[in-house]
Each structure stands twice: as C-alpha cells, then as structure tokens.
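Residues per chain, in single letters:
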Amino acid sequence: MNQKQLRIALDTIGQMFPDAHCELNHSNPFELTLAVLLSAQCTDETVNKVTASLFQKYRKPEDYLAVSIEELEQDIRRIGLFRNKAKNIQSLCEMILRLYDGRIPEKHEQLVELPGVGRKTANVVVSNAFGVPAIAVDTHVERVAKRLGIALLKDSVLEVEKKLMRKVPKEEWTLTHHRLIFFGRYHCKAQNPKCESCPLLDNCREGKKRIKLPQIRKSKMMTI
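Rules and cut-offs
Residues numbered from 1 in each chain as written. Predicted model: local features only at pLDDT ≥ 70, side-chain atom pairs only at ≥ 80, totals over all residues. Heavy atoms only, no water. Helix = DSSP H or I, 4+ residues; strand = E, 2+ residues; numbered from the N terminus. Buried < 20%, exposed > 50% of the residue type's maximum accessible area, 1.4 Å probe, protein only. Contact = heavy atoms within 4.5 Å. Salt bridge = Lys/Arg side-chain N within 4 Å of Asp/Glu carboxyl O. Phe/Tyr/Trp six-rings, centres within 6.5 Å; stacked < 30°, edge-to-face > 60°. Core = buried A, V, L, I, M, F, W, Y, C linked by side-chain atoms within 4.5 Å.

## Looking at the side chain of Asn 48
No. 1: For Asn 48, the location among the structural elements is in helix H3 (residues 44-57).
No. 2: Residue Asn 48 is classed as buried on the basis of its relative accessible area, which comes to 16%.
No. 3: Not counting the four nearest positions on each side in its chain, Asn 48 is found in contact with Glu 23, Leu 24 and Asn 25.

What follows is the structure in structure tokens.
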C-alpha cells in the first residue's frame, strides 16, 4: 500500500468510525493501566464488567496491597489468567509506591518496567493518559494492518508498529490506533469480516479471496 492509498484508507476508516476511542472504562492513569493489564487475552467488555466493582472496592495502590492475593484473585476471576494478573497487580502497586509515590510514571521506559506492563500497554497508557502520540498494536491493529498491506504477513508486532509509525503522521498516531481497533473489532473481524460491504476491498488481498471463494464454489456446483 503506497502513501496515497494509505491516506485514503485512514480517511475512510475515520469516516466509518469518527468517534473511535479507548473502550476500557477508567477515571485516571492508574485505573487505565490496570484495565489494560487485565485486558490481555480478554475482551474489553469483560474487563469493564469486572472493573465496575473492582474500581469501587480498590481506590488506590495501597488498597490492592491491603488484601490477600486470594481475595484479589476472586475479585478478578472472570478475567483470563486471573492468578498471574492478580500477582502482577500487587507487584505493580508495590513498585509504584516504592519508586513513584503511588503514581503511574509518564515515561514509556519506566512503564515497561512495571510488572505485567509490556510495550502495548505502555503505548496505550502514554497516549490515552498522558497525551503522548503512540500506536499500540493489539490483535485488531495487527490484523487490519496486514490485511490492508500496510505491513507484511510475516511481520512481528514490533515491525507492524514501526511501519505504522513511519507511514502515519505522528499527530495521528493515537487516533489511528483507536480507529484501526474499531475497524478491526466491528468491521474487519477475525472471523466473518464484512468484506461484501467494505469500502477498502480493493486494497485487501484476503478480502478479495473471501469474495471470490463463494463464487468459485457456486460455479463448481453449477457444473456438477
């Protein structure tokens, strides 16, 4: 996909999802960090159901350390990998109290040192909580970028991120991240993508294959 095609694709997705935003409910950087940590291998919808009560019970880092690990596990047991995530939450709370006066650090290099916080989580936090342009590559962003030819199928998540950062204007990084997620979550789905009604079908090799497959099957049936 060349720059002109990319510009058209981004503008088209922007028109489809003008209100794209972070769908994880939170009221501060601390809650956002925990919500993103919990969202690994879990839907935002499930995370929001769990954090609705979790963020009422626990208001600050000290609260998460005041209970046993077993109690915290029970509070988040609807989340995948809840035992490991409960351990990471308590370790994260201990670390930010010890190093950052109980606050989530604003620098990317500090965030990725927190337990349970990887590059993707750090990108989400710096962009949504602190207004620093970033592109977090989750499964939706990766899938859309590869299907549209922005990245290669063999590219790693980091390679996809670097290509998006190189090709998309920096001031649009955060917005592009949200729009690609919405496009992947609600239109270009992993299973049953809406290829028939997709305005970007001409730029999608996989979409063209999906459209042709039913036609090929139909023609074979007619020749039997």
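## Section: the pattern of salt bridges
No. 1: A full pass over the atoms with the stated rule returns 15 salt bridges.
No. 2: Taking the shortest distance from any N to any O, the salt bridge between Asp 44 and Arg 185 comes out at 3.1 Å. Taken together, the positions of Asp 44 in helix H3 and Arg 185 in helix H11 (residues 173-186) put the pair 141 residues apart, joining distant regions of the chain.
No. 3: When the shortest N-O distance is used, the salt bridge between Glu 206 and Arg 147 registers 3.4 Å. Highlighted residues: Glu 206 in helix H12 (residues 205-223) and Arg 147 in helix H9 (residues 139-147), separated in sequence by 59 residues.
No. 4: When its relative accessible area of 30% is taken as the criterion, Glu 206 is described as partly exposed.
No. 5: Its relative accessible area of 9% is what places Arg 147 among the buried residues.

## What to know about unusual backbone geometry
No. 1: Despite not being glycine, Gln 41 has its phi angle at roughly 55°, a positive value.
No. 2: Checked against the element boundaries, Gln 41 lands in the loop between helix H2 (29-38) and H3.
No. 3: With a phi angle near 60°, Leu 81 is a residue other than glycine that sits in the positive phi range.
No. 4: You can see Leu 81 is positioned in the loop between helix H5 (69-75) and helix H6 (82-99).
No. 5: The exposure class assigned to Leu 81 is partly exposed, which follows from its relative accessible area of 48%.

## A few points about the packing of aromatic side chains
No. 1: What the rule picks out here adds up to four aromatic pairs.
No. 2: Ring centres of Phe 30 and Tyr 64 lie 5.8 Å apart, and the angle between their planes is 80°; on these two criteria the pair is classed as edge-to-face. With a gap of 34 residues between them, Phe 30 in helix H2 and Tyr 64 in helix H4 (residues 61-65) connect regions that are remote in the sequence.
No. 3: Residue Phe 30 is classed as buried on the basis of its relative accessible area, which comes to 9%.
No. 4: The exposure class assigned to Tyr 64 is buried, which follows from its relative accessible area of 0%.
No. 5: Seen in terms of ring centroids, Phe 182 and Tyr 186 are 5.3 Å apart; in terms of plane orientation they differ by 70°. Their pairing is edge-to-face. In this pair, Phe 182 and Tyr 186 are both assigned in helix H11, four residues apart and thus about one turn of the helix distant.
No. 6: The structure contains a cluster of three or more aromatic residues connected by ring pairs, namely Phe 17, Phe 182 and Tyr 186.

## Things to note about the nonpolar core
No. 1: If you look at the biggest cluster of nonpolar residues, it comprises 38 residues, and the most contacted ones within it are Tyr 64, Ile 76, Ile 89, Leu 92 and Leu 114.
No. 2: Those elements giving two or more residues to this core turn out to be H2, H3, H6 and helix H8 (119-130).
No. 3: Once residues lying within four places of it in the same chain are set aside, the contact partners of Tyr 64 are Phe 30, Leu 34, Leu 54, Phe 55, Tyr 58, Leu 72, Ile 89, Gln 90 and Cys 93.
No. 4: Ranked by size, the runner-up nonpolar core spans 26 residues in total, among them Leu 6, Ile 181, Phe 182 and Cys 198.

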